[in-house]
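Spelled out, the chains give:
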Amino acid sequence: MKKNILKLLFASVFFSSIALVPAKSYAAGTYRFCANWAYIFSDKGVGEDYLTYGSGSSYGLLPAFTAWGAVNYNNTRVFNGPLDANGCTAAITANAGTYTFMIYPRFSYGGTTKIDVYPDSNQQWTYWQTQRSLPGSSSGATTYTDNLGGSPIASVAAVATWIMAWWAYNDVNYLPGSSPYIIYATQDGCQGPTGYIGGRTVKLCKDNSGIWKAYRKFIIGHEMGHAVSDVLFGNPTIDNYTMYSTAALCRCDHVTSSNNYHCIQSQHAISAAEGEGWAQFYSMNLFNNPSDGSAWFGYYKEFLQNGTSCKNGTCWPPPVPLPLSLDVLWMNTNCPTSNSYGVEADWASFYWWVKNQGSSNNYSFGNIAGVYYTACGNSSCAGDTVLWSSLRNAANTIYGTGSSKAQFWLNTGAQKGVNHSTE
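In this text, all values refer to a predicted model and were calculated from it rather than measured experimentally.

Now for the overall build of the chain. Regarding its fold elements, the chain presents nine helices and 18 strands. Relative to its full complement of 423 residues, the chain shows a buried share of 56%. In the chain, 71% of the contacts between residues at least 6 apart in sequence involve partners at least 24 apart. Accessible surface for the chain amounts to roughly 16,000 Å². Of this, 48% is attributable to carbon and sulfur atoms.

Set out below in structure tokens:
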């Protein structure tokens, strides 16, 4: 069942323009009402595997799995609940009359609501509605499908659906905890470093060019990564994103499209690098097949190739295709090394590798959380500074010094250049 649902969602059909599928001119013995998210992302197709679509198409489709649907028949509710793996309601017995199909970006599965998507912090629902007048009949079955798109909320809803599939059929720690996560898809006035605002809440605004970040799936995944780590093991301190290097390659002075408090190549206190690296990793993990052995990340800020000015053409504009599964070794190569500092690109690469490339020694989200929890004195790491030496000792404590799993953690730290320690 796990493989079937993921294959179903991975095999989304893509079209060249957004339109509602016309209603058929007949009705049958039963009706099923279905919906697809028609998503648009400006950062798709950088090498990742999922939620992408061909260059000849203007959008992609994804079944609205777990979205909340409701059907009224002549103003009487005849279906109310989450849509199935095909994005469909249960079969509804045919009767002649008016049918209204409504879809809400509330995502529930197995009786648990996990994600709510609102336009903004006023928390008023945006929902899609289709009305059809259908005659009753006694034979066959008819399915009506709507493609829902053209708004930032539909694109955010597609990412929420995707996360729900990973949570329901792969690992519950994609969405840990019992309370719903909340995403404000079109929140005005948050151009600063406020995509993640604490707890289980994310708000997406516009970038400096006025484009909604809701159209960038890697940003949505990144901000959800912060919310997930907060619940999973507690977000370590970010130290106000102080940059500890004067080297241009280790700073964000070149970033103009968004805030430049931090970027994927900037050197910060180690816990800030871990926190941002985790968020990049979580996003990368959503949209890449872990068994591929490689992963691409659509970076949403400018990337500095060398130490000269971006105005001289040495800066890649977003989205930047970055192969973060490779050995980035950014701090070791470009910045002063220290056990107190880190670079988020290195940490993103570390988390990807330690989760996906160790075969029987892979660390699940829960395993990684366990290492952090142990490193922080068997408690939440919220507000803590978490050095590599603490993580190393925690892996040894949990799995046994010299064990293959503990050794994989240590070896990966060395391979990815995050293993700086004074001990």
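This brings us to the pattern of salt bridges. Enumeration according to the criterion identifies seven salt bridges in this entry. A salt bridge links D207 to R216; the nearest nitrogen and oxygen atoms lie 2.9 Å apart. With a relative accessible area of 5%, D207 lands in the buried category.

A few words on the state of the cysteines. For the coordinates displayed, the defined rule picks out four disulfides. At a sulfur-sulfur separation of 2.2 Å, the disulfide partner of C252 is C263. Classification of the bridge connecting C252 and C263 rests on its S-S torsion, roughly -100 degrees, and on that basis the disulfide is left-handed. On the criterion of sequence distance, the pair formed by C252 in the loop between α3 (217-232) and β13 (267-269) and C263 in the loop between α3 and β13 is long-range, its members being 11 residues apart. Accessibility classification places C252 together with C263 in one group, the buried group. Linked covalently through their sulfurs, C376 and C381 form a disulfide whose S-S length is 2.0 Å. Torsion about the S-S bond of the C376 and C381 cystine: about 110 degrees, corresponding to right-handed handedness. There is no split in this pair, since C376 and C381 are both buried.

Look at helix α7 (residues 365-375) against helix α8 (residues 388-399): their axes get within 8 Å of each other, and the N-to-C directions meet at 110 degrees. The angle between α7 and α8 places the two elements in the roughly perpendicular class. Here the hand of the crossing between α7 and α8 comes out right-handed. Across the interface between the two elements, N367, G370, V371, Y372, T374 and A375 from α7 touch S390, L391, A394, A395, T397, I398 and Y399 from α8. For the contact of α7 with α8, the residue count by class is eight nonpolar, five polar and no charged.

So, about the packing of aromatic side chains. The relation between two aromatic rings is expressed through the spacing of the ring centres and the mutual angle of the planes. All told, the structure shown has 49 aromatic pairs when counted by the stated rule. Aromatic side chains W37 and F107 sit 6.3 Å apart centroid to centroid with 55 degrees between the ring planes, which places their arrangement in the tilted category. One end of the pair, W37, is in strand β2 (residues 30-39); the other, F107, is in strand β7 (residues 97-109), and 70 residues separate them in sequence. Relative accessible area serves as the criterion here: at 0%, F107 is assigned to the buried category. In this structure, R200 packs its charged tip against the face of Y181, placed 5.7 Å from the ring centre. The cationic tip of K217 hangs over the ring face of F287; the distance from NZ or CZ to the ring centre is 5.1 Å.

Alignment of strand β4 (residues 67-73) against strand β5 (residues 76-82), held across six bridges, turns out to be antiparallel. Bridge pairing links W68 to P82 in β5. The turn joining β4 and β5, which pair antiparallel and follow one another in sequence, is formed by two residues; a positive phi near 50 degrees is taken by N74.

A few words on α3. Three- or four-residue spacings in an α-helix give side chains the same orientation, since the helix completes a turn every 3.6 residues. End to end, α3 covers 22 Å across 16 residues, agreeing with the expected 22 Å (1.5 Å per residue, within 8%). Counting buried positions along α3 yields 14 of 16 residues, so the element is predominantly enclosed. One or two residues past the end of α3 sits G234, with phi positive at roughly 85 degrees.

Moving on, we get to the side chain of D116. Relative to the helices and strands, D116 is located in strand β8 (residues 112-118). A residue is classified by how much of its surface remains accessible, and D116, at 4% relative accessible area, is buried. In this structure the side chain of D116 is engaged in a polar contact, spanning 2.8 Å, whose partner is the side chain of R106. Sequence-distant contacts of D116, that is, excluding residues within four places in its chain, are made with P105, R106, W125, P180, Y181, I182 and I183.

Another aspect to go through is the nonpolar core. Grouped together as the largest cluster of nonpolar side chains are 112 residues, with contacts concentrated most on W37, I115, W347 and W409. When residues in this core are grouped by element, the largest group, 12 residues, is from helix α2 (residues 152-169).

Turning to its location among the elements, D207 is positioned in the loop between β12 (201-203) and α3. A polar contact of 2.9 Å, which involves the side chain of D207, links it to the side chain of R216.

Turning next to the environment of G221. Assignment of secondary structure puts G221 in helix α3. Take G221: its relative accessible area is 0%, and that puts it in the buried class. Between the C-alpha atoms of G221 and V159, which are 62 residues apart in sequence, the distance is 7.5 Å. Beyond its immediate chain neighbours, meaning those up to four positions away, G221 contacts A279, Y282, S283 and L286.

Helix length check: helix α4 (residues 270-287) (18 residues) gives 26 Å between terminal C-alpha atoms against 26 Å at 1.5 Å per residue, within 8%. Along α4, 18 of the 18 residues are buried, which leaves the element largely enclosed by surrounding structure.

This part is about the packing of helix α6 (residues 344-356) against α7. The relative placement of two packed helices is expressed as an angle between their axes plus a distance between the axes. Two elements in contact, α6 and α7, have axes separated by 10 Å at closest approach and are oriented at 120 degrees. When the axes of α6 and α7 are compared, the pair comes out oblique. For the crossing formed where α6 meets α7, the hand is right-handed. Contacts between α6 and α7 involve W347, Y351, V354 and K355 on the former and, on the latter, F365, I368 and Y372. In terms of residue class, the contact of α6 with α7 is made up of six nonpolar, no polar and one charged.

Calculation notes
Residues numbered from 1 in each chain as written. Predicted model: local features only at pLDDT ≥ 70, side-chain atom pairs only at ≥ 80, totals over all residues. Heavy atoms only, no water. Helix = DSSP H or I, 4+ residues; strand = E, 2+ residues; numbered from the N terminus. Buried < 20%, exposed > 50% of the residue type's maximum accessible area, 1.4 Å probe, protein only. Contact = heavy atoms within 4.5 Å. Areas by Shrake-Rupley, 256 points an atom, 1.4 Å probe, with all protein chains shown as cover. Salt bridge = Lys/Arg side-chain N within 4 Å of Asp/Glu carboxyl O. Disulfide = S-S within 2.5 Å. Axes fitted to C-alpha atoms, helices over the stretch in contact; angles between N-to-C directions. Parallel < 35°, antiparallel > 145°, perpendicular 65-115°, else oblique. Left-handed = near helix turned anticlockwise from the far one by under 90°. Nonpolar A, V, L, I, M, F, W, Y, C, P; charged D, E, K, R; others polar. Phe/Tyr/Trp six-rings, centres within 6.5 Å; stacked < 30°, edge-to-face > 60°. Lys NZ or Arg CZ within 6 Å of the ring centre and 35° of its normal. Pairing = 2+ DSSP bridges. Expected span 1.5 Å × (residues − 1). Polar contact = N/O pair within 3.5 Å; in protein donor to acceptor, adjacent residues only side chain to side chain. Core = buried A, V, L, I, M, F, W, Y, C linked by side-chain atoms within 4.5 Å.

Worth remembering: the numbers are spatial, not functional.
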